[in-house]
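# What the coordinates show
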Amino acid sequence: MSTKAHSSCEHALHMHVCTECDLVSRVPELQRGERARCPRCGHTLAKHLHRRFSAPFAYAVAAVVLGLVSLYFPFISFESSGISKAMTLPDALLVPYRYGYGFLSYCYLIGVLVLPFAYLGIVIYLHLGAISHTPAPGGRFLTKSLRHMQPWVMSDIFVVGVLVSLVKIMSLATVGFELAFIPFCLFALLLICTMQSIDYGALFERHCGPLQPVALRAGEPGLAQRVTGCRSCGQPGVVNERGRGNCQRCGDSLRARTPRSIQVTLALVVTAALLYIPSMALPVMTITSVGSSEGQTIISGVLLLLSSGDFPVALVIFFASIMVPVAKVIALLWLCRKTQQPYPSRMRARMKLYRIVEFIGRWSMIDVFVVTVLTTMVQLGQIMQIVPGKGIIAFALVVIITMIAEMQFDPRLLWDALEHKADDSAPDKDDAMVSQSALGQDFSQ
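Before going into details, it helps to say that this report is about the structure given with it.

Quick notes on the rules
- Residues numbered from 1 in each chain as written.
- Predicted model: local features only at pLDDT ≥ 70, side-chain atom pairs only at ≥ 80, totals over all residues.
- Heavy atoms only, no water.
- Helix = DSSP H or I, 4+ residues; strand = E, 2+ residues; numbered from the N terminus.
- Buried < 20%, exposed > 50% of the residue type's maximum accessible area, 1.4 Å probe, protein only.
- Contact = heavy atoms within 4.5 Å.
- Pairing = 2+ DSSP bridges.
- Axes fitted to C-alpha atoms, helices over the stretch in contact; angles between N-to-C directions.
- Core = buried A, V, L, I, M, F, W, Y, C linked by side-chain atoms within 4.5 Å.

Another aspect to go through is the overall build of the protein chain. Of the regular secondary structure elements, the protein chain holds 16 helices and 14 strands. Residues classed as buried in the protein chain amount to 52% of the 445 residues present. Across the protein chain, every contact between residues at least 6 apart in sequence was considered, and the portion connecting residues at least 24 apart equals 72%.

So, in structure tokens, the structure goes:
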């Protein structure tokens, strides 16, 4: 064994394989408040947060209490022409379903009610075990589940959607905040605090054990060493000639590269682009007032807000519902193309674009929740009524499909192309060294 490899073995417990660029790095023991980032792409490899177990537990317990309170009491009241109606959070589940738009009800049920409470329940359960130094039964599976659930928890987006809904109808009726409004807003805020305060490395260490030693060479890609980093727990793991394996720490499946990453991403992006056309052309809701009905598209809704002087809200809807889906489609197409065009000076910029796409995609659900809230509140018979339109179903599918497309794109393929370019520029390199690009293409098929 070479001196370099021997040195790596001595520090194997601190070896990390970046899941975004595949670089092997040696991470020192972190102090509280410190984070270790990949020197090549800037991805966070490890962190040591303050109050790593007590803070998430406290936030989660407080959030659950406030969330349960908000489900029981009225949420918003609505009054027009002497007729008033109070909306509760469960009402937003039932009313769209009665109009035959159960898909909206399912989006609301899963993103705003079921997943947030399930997420908080798992956090409380896991951190109780961590605080008591007792590995919780099923802790390995539940800790992995938290990461996969997080992008689909949308209570914070629902709150923004509610505020946008109120601005839209304030000129038509009197709107009041009821007892459940403030508790639910606090619930959404504490849910965000819970997510930000979770130390996944500490949770995996408590429920799955510490990182297992693997002999690696720091500063080189993991693909050349037949290893990859577990996307759940961060454990470096050995993969076979097909790029497959199993994490010895958490049991998750290891993939050197996401299977058929580019093909699946492109297929999903094209599907989303096709659905975007009817989502903009068809009405997302129909407004009935004093016997006359008028369909409203997303674009006409933005124009109506601009004409009424609600510029901030109009900009929010314009960017979240019109610009963001288009930008995500273009960005993902561009990133797929750039897996074949490596430029060393632009790699950091491409990774920043990938992370922006990863962050902003879910916020397009604002308009879906706006229609859900308006449909639930404005039910005053022939005086005033709002029902969903077919355009909102197409738009919801655009948002969901683009989120899945972003998750399917493997950013490590961008760096594989860079490694392949470096190999081509060095013809005297040891022939035994496996080509990163060739392996990456094989594993992604």
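Backbone hydrogen bonds are what pair the strands of a sheet, in a parallel or an antiparallel way. Pairing is antiparallel across the open sheet formed by three strands, whose spatial order is β13-β12-β14. Looking at the sheet topology across the chains shown, the edges are occupied by β13 (292-296) and β14 (384-388). Geometrically, the sheet is characterised by an average inter-axis angle of 20 degrees between neighbouring strands, direction not taken into account. Summarising the sheet, strand β12 (residues 285-289) and β14 pair through five bridges and their orientation is antiparallel. What sits directly across from T288, in β14, is Q385.

The next thing to look at is the side chain of S165. With respect to the secondary-structure elements, S165 resides in helix α6 (residues 155-169). Under the relative-accessibility criterion, S165 is labelled buried at 0%. Those residues within four positions of S165 in sequence are excluded, and the remaining contacts are F369, V370, V373 and L374.

One recurring pattern in soluble globular proteins: nonpolar side chains tend to sit buried together. The biggest cluster of nonpolar side chains holds 90 residues, and the ones touching the most others in it are F75, Y119, F158 and M377. Setting aside chain neighbours within four positions, we find M377 in contact with I76, F78, K85, M87, L166 and I169. Among the nonpolar cores identified, the runner-up in size contains 21 residues, and C21, V27, Y354 and F409 belong to it.

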